[in-house]
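Remarks on the overall topology
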Amino acid sequence: MTAGKSFELKRICVFCGSHEGVDPAFRAAAVELGETMAERGLGLVYGGGKVGLMGVLADAVLTGNGEVIGVIPKSLRDREVAHLGLSDLQVVNSMHERKRLMYGQAEAVVALPGGIGTFDELFESMTWNQLDIHAKPAGLLNVEGYFDPLIAMLERAVEQGFVGSSYREFLRVASTVPELLADLESYQPSAEDQFSRRSDVPTDAFE
Ligand code: AMP
């Protein structure tokens, strides 16, 4: 991102469960997010799987004729969990390469309900913000309050001096899809973000 250029959302990298979860509201949220992204011409970048909320989301974007890029490590593709109907399936050698490619092809990340893989991807992306490796707003779709304990943990970490309160600028929390997308679409990086991000840092320096 160069100074003075406003933020333009074209693709979103979504992290979400490889299971559908118990509450049917999770599946419904993945469908709504996918349909709305396709309607608004927002491309999806995701983990490339056909299982759980990942598959539900990808199918919803594809049904709306939207663009879906999947980035999957060889090992998962070989276990036949890859979605084979995507606009582009990028097969990589390692999880690290996968994350770098996923984040690099989107302007923002979003987490839907999910498990450890989803938490890992969300937190890694937020860590990269902290370390100035990239500057991407992270949207948290807090379906039925699923992420309330995670938000409470972050607030506790702020209170206890382990996390800067500025994390709230890049972690955008909403409980509905329209709210979340409107928030991300109108996101403007702070002046500090625009001027201080280090575009000269090779991301493979962190592997
Ligand atoms: P989890 O939340 O633990 O179900 O993990 C989901 C996240 O980890 C997704 O955003 C994916 O990027 C990755 N992931 C986990 N399982 C798979 C899978 N079977 N196929 C593709 N990606 C997966």
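Computed from a predicted structure; not experimentally measured.

Definitions and limits used
- Residues numbered from 1 in each chain as written.
- Predicted model: local features only at pLDDT ≥ 70, side-chain atom pairs only at ≥ 80, totals over all residues.
- Heavy atoms only, no water.
- pLDDT = per-residue confidence, 0-100.
- Contact = heavy atoms within 4.5 Å.
- Near = heavy atom within 4 Å.
- Polar contact = N/O pair within 3.5 Å; in protein donor to acceptor, adjacent residues only side chain to side chain.
- Areas by Shrake-Rupley, 256 points an atom, 1.4 Å probe, with all protein chains shown as cover.
- Helix = DSSP H or I, 4+ residues; strand = E, 2+ residues; numbered from the N terminus.
- Nonpolar A, V, L, I, M, F, W, Y, C, P; charged D, E, K, R; others polar.
- Salt bridge = Lys/Arg side-chain N within 4 Å of Asp/Glu carboxyl O.
- Buried < 20%, exposed > 50% of the residue type's maximum accessible area, 1.4 Å probe, protein only.
- Pairing = 2+ DSSP bridges.
- Right-handed = clockwise from strand over helix to strand, strands pointing away.

1. Here's the deal with the confidence of the model for the protein chain
Within the protein chain, residue pLDDT values average 90, and 89% of them lie at 70 or more. Low confidence marks residues 194-203, where pLDDT is under 50. Its contacts with residues over four positions away, or in another chain, come to 18 contacts.

2. Observations regarding the site of the ligand
Surveying the vicinity of the ligand reveals 17 residues, the closest of which are S18, R98, G115, T118 and E121. A distance of 2.5 Å separates an oxygen atom of the ligand from a polar atom in the side chain of E121. Its free accessible area being 480 Å², the ligand has 85% of it covered by the protein chains. Looking at the shell around the ligand element by element, the count peaks at four residues for helix α5 (residues 116-130). Classifying every residue of the shell around the ligand by side-chain character gives seven nonpolar, eight polar and two charged.

3. Side note on the pattern of salt bridges
It is possible for side chains of opposite charge to pair when their charged atoms get near one another. Summed over all chains, the structure comprises eight salt bridges. The salt bridge involving R40 is made with E185; its shortest N-O contact spans 2.7 Å. Residue R40 is located in the loop between α1 (24-39) and β2 (43-46), and its partner E185 is located in helix α8 (residues 177-185); the two are separated by 145 residues in the primary sequence. A relative accessible area of 32% means that E185 is categorised as partly exposed. Note that E124 and K99 form a salt bridge whose closest N and O atoms lie 3.6 Å from each other. With E124 in helix α5 and K99 in helix α4 (residues 95-104), the pair connects residues that are 25 residues apart, well separated along the chain. Taking the relative accessible area as the measure of exposure, E124 reaches 18% and is therefore buried. Residues joined by salt bridges that share partners form a network here, namely K99, D120 and E124.

4. Here we look at the pairing of strand β6 (residues 138-141)
Where burial is concerned, the two faces of β6 agree: the one with A138 and L140 and the one with G139 and L141 are both buried. Relative to β6, strand β5 (residues 108-111) runs parallel, the two sharing three bridges. Opposite A111, over in β6, you have L140 as the bridge partner. Read as a crossover between parallel neighbours, the route from β5 over α5 to β6 is right-handed. Alignment of β6 against strand β7 (residues 171-174), held across four bridges, turns out to be parallel. Bridge pairing links L141 to A174 in β7.

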